[in-house]
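Listed below are the residues making up each chain.
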Amino acid sequence: MSGKKILIVDDDQDLTRGLKIRLRANGYETVFAGDGYSAVKIAKEEKPDLVLLDLGLPAGDGFIVMERLKNLSSLSSIPIIVLSARDPKGNMERAFQAGANAFFQKPADNEELLETIQRFLKKGI
Amino acid sequence: MKDTPVKVLMIEDHRDIAFLLKEMLTKEKSSSFTVEYAYSLKEGFERLDNGNIDVVLLDLGLPDSQGIGTFEKLSEHTKDVPIMVLTGQEDQKLAFQAVQQGAQDYLFKGEVDSKVLVRSIRYAIERHRMVVELERHVRRLKESESRFHTMIEKNVDGIVIVDKQGVVLFVNPAAEDLLGRTLEELIGELFGFPLVSGEKTELEIFRKEGGTTAVDMRMVETEWEGRSVYLASLRDITDRKRMLLELKQTQQQQLELKDQFLSNVSHELRSPLTAIHQFITIMLDGLAGDISSEQRDYLEIVLRNLKQLRTMIDDLLEVTRAETVSLTIELRPISVGELITETFDTLHATASSQEIVLSSEVPDELSPVFADPDRVRQIIINLVNNAIKFTPEKGTITIHAQPYEKDPRFLCISVTDTGCGISPEDKERIFEYLYQVENTVELSRKGLGLGLYICKELVSHHGGQIWVESQSGQGSTFFFTLPFFSLTDLLTPIFTPKNLLKGSIAFVTVEMLPAEERFLTKTDERALRGSFNLLKSCVLPDLDVLLPRIGRTKKGEIFFLVASADQQGTEVLTSRIKEQLTSCEEIKNAGLDPMVSFAMVDIPSRVDEKPREQLVKEMADSIETLVNKSLYKRRNYK
């Protein structure tokens, strides 16, 4: 497929590994960050086309990561999909306010997630 | 008296007189006397000290004491025995004096005959007995009065005596404290609180130093110093109330803590579940190499169980929501027949693995119900899964749907199984929170005791009822009701005579279609849900009604609003809606293009002459025509 680059931010290594397999099988390149601080750092270095972001993270949670990314002009337009085990109630709205483009509760439906990723990448906000 | 002789002590130094008197007494037949003598006061004392004397005949002139002093000394010494004084005729004054000081009677020596003597003695004894009795009564009365006073004075409850006109007659110290005023300040004043006998009232008393005292007041009618009065008893309940409030707050905190805990638990459980789900689907999708059909079978079993686990976790979260009343349901007209067919697809795998036959009996022409399809699906899946759990292999489970006999405004849906049935005790409690049926040893899975509780919550949020009929060993049937959809019911609140008389009703349509023609994606559906919520926030209660989501197709959705507004008002409303929808990120991201338009609706003339029900029905019909026209128009257009 496109060879677009997706940054996966999650502190659960099993999850990131699973996502990597799933995304690579669909033709995406993947990079990882296991905490909020390195998420921003790696985003700067790697310039991903999309970010899959967990909310509960060490060293700066998902909301802080979104705030940082939205404040960096070079990164502010990268679409962000929040992928969290948290209750959508409350968190979803907050995530959208912080700049998320979509919210999925774990475990997410693979098809739906891939469809959303594809659409955002095609549109290239 | 005849049986027990009267014991007379005669204190008399003149033996002849003494003897004479004794003669008189013993001669008397009507009663018997025994007579003893003492010849001096000292001797008299000694004899009296031995006790057992009923009456004393006392000569005032004795060798060791003369005059009134003799009586005084004796009465001082012996309080309990009546004394009769013997004097000579010349000492009349002395005799009176003695009687004044408590002697029972006096006799003049030499003027006494036996009859007079006997009678005098009898009277003396009787009189004395009465005096003693009276004294005892008075003493008791005094004691009881002082006890009563102590009770009132020392009572921790405030006591106020108020006459029938509401004027304060008495307050005890506790009442002085409670009312913050003294007895002197209060007496003669109006009490100022309602006087209702037998009732308990709660009062708030403003304290001089600020703040209030909460007081429980009870009133009874009683007698007080010969008058009919009210006795108000006041109890300070400020502390008790404060403690109750604190207790309530603590309970609330604990409830919140529990909700927080359950929310955290479900969050924590979800992470490992996600990893399991991910890798199983990776294997099933062949992303880790080919798998045999046997391996596929097994993985599908894992996946199915995983879904069940996920449902349980969702249930946990659902329950915390139900308790904090944040459970959301989105009502719309839905076809229960379609919904049942849909859920059967989901349930079939589980049922067929146990060789259970699932069937449904739903009439073709069933009016739509007004419900949240996701929630109804949840209820049906819950009930059927439950039935599967308790039904042995080769059993059957049947779903019926038909108008509810007892209330035709509702549809009654039932799930009947051929399982083990439910005992009467369980039947009572089966919908309770965390209730689990006992003796389910043969079952490998007990569940959390939340499924039916959630069903009950969901059904009651729809305004329906849920119940079960069953006999042990003969299967069970779970019933629940859902209201039929009625546009008329929905519109009734805004079609008030007042609104209709104003003569302006607008029909607003909001079309949400993708900018370029395509099928709706799941993201679109999220955005559409969001749009509906946005529209809800634009609606004014009593004036506007946002119709439920009835205009969805595979390519887009139309929302409908009925507003009691004139042309100008509707323009304001539509521009606000347009603004809200176009500025929404979610809608923008999904690529949906909102189009808002409106038409004014004709109101039948002579509104005030028609019965309201008929009017509302007519209006609802014309709205329905408009809805159908819009839906038809768009289908043609596309």
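Residues numbered from 1 in each chain as written. Chains lettered and ligands numbered in written order. Predicted model: local features only at pLDDT ≥ 70, side-chain atom pairs only at ≥ 80, totals over all residues. Heavy atoms only, no water.

## Description of the overall build of chain B
Right, so step 1: From N to C terminus, chain B includes 19 helices and 22 strands.
Right, so step 2: The 638 residues of chain B split such that 43% are buried.
Right, so step 3: Contacts in chain B between residues at least 24 apart in sequence constitute 65% of all its contacts with a sequence separation of at least 6. (Helix = DSSP H or I, 4+ residues; strand = E, 2+ residues; numbered from the N terminus. Buried < 20%, exposed > 50% of the residue type's maximum accessible area, 1.4 Å probe, protein only. Contact = heavy atoms within 4.5 Å.)

## Quick look at the sheet that holds strand E7 (residues 168–171) of chain B
Residues and elements named next belong to chain B.
Right, so step 1: Strands sit in the order E7-E6-E10-E9-E8 across an open sheet of five strands; the sheet is antiparallel. Looking at which strands have only one partner, the edges of the open sheet turn out to be E7 and strand E8 (200–206). In this sheet, neighbouring strand axes are inclined to one another by 30 degrees on average, regardless of whether the strands run parallel or antiparallel.
Right, so step 2: As paired elements, E8 and strand E9 (residues 212–224) share seven bridges and run antiparallel to each other. Note that in E9 the partner of Lys200 across the bridge is Arg218.
Right, so step 3: Where helix H8 (residues 238–284) meets the sheet, its contacts fall on E8, E9 and strand E10 (227–236), and the angle it forms with E9 comes to roughly 135 degrees. (Pairing = 2+ DSSP bridges. Axes fitted to C-alpha atoms, helices over the stretch in contact; angles between N-to-C directions.)

## Brief notes about the pattern of salt bridges
Right, so step 1: Applying the stated criterion across every chain yields a total of 30 salt bridges over all chains.
Right, so step 2: The residue Arg526 of chain B makes a salt bridge to Glu112 of chain A at a minimum N-O spacing of 3.2 Å. Of this pair, Arg526 of chain B sits in helix H16 (residues 522–538) while Glu112 of chain A sits in helix H5 (residues 110–123), which puts the two residues in different chains.
Right, so step 3: Looking at Glu112 of chain A, the relative accessible area reads 14%, which means it is buried.
Right, so step 4: Note that Asp239 of chain B and Arg242 of chain B form a salt bridge whose closest N and O atoms lie 3.2 Å from each other. One end of the pair is Asp239 of chain B and the other is Arg242 of chain B, both in helix H8 and three residues apart, which spans about a single turn. (Salt bridge = Lys/Arg side-chain N within 4 Å of Asp/Glu carboxyl O.)

## A short note on the packing of aromatic side chains
All names here are of chain B.
Right, so step 1: The full count for this structure, using the stated rule, is ten aromatic pairs over all chains.
Right, so step 2: Note on Tyr37 and Tyr39: the rings are 6.1 Å apart at their centroids and 10 degrees apart in plane angle, and the pair reads as stacked.
Right, so step 3: According to the relative accessible area criterion, Tyr37 is partly exposed, its value standing at 25%.
Right, so step 4: For the ring pair Phe170 and Trp224, a centre distance of 5.3 Å and an interplane angle of 35 degrees mean the geometry is tilted. (Phe/Tyr/Trp six-rings, centres within 6.5 Å; stacked < 30°, edge-to-face > 60°.)

## Some details on the side chain of Asp524 of chain B
Right, so step 1: Within the element layout of this structure, Asp524 of chain B appears in helix H16.
Right, so step 2: Setting aside chain neighbours within four positions, we find Asp524 of chain B in contact with Arg518, Phe519, Ala590 and Leu592 of chain B.

## With respect to the sheet that holds strand E4 (residues 80–84) of chain A
All names here are of chain A.
Right, so step 1: Taken in spatial order, the five strands line up as E2-E1-E3-E4-E5 in an open sheet, and their pairing is parallel. The open sheet has two edge strands with one neighbour each: strand E2 (29–33) and strand E5 (102–105). Averaged over all adjacent pairs, the angle separating strand axes in this sheet is 20 degrees, with direction ignored.
Right, so step 2: With four bridges joining them, E4 and E5 adopt parallel strand pairing. If you follow Val82 over to E5, its bridge partner there is Phe103.

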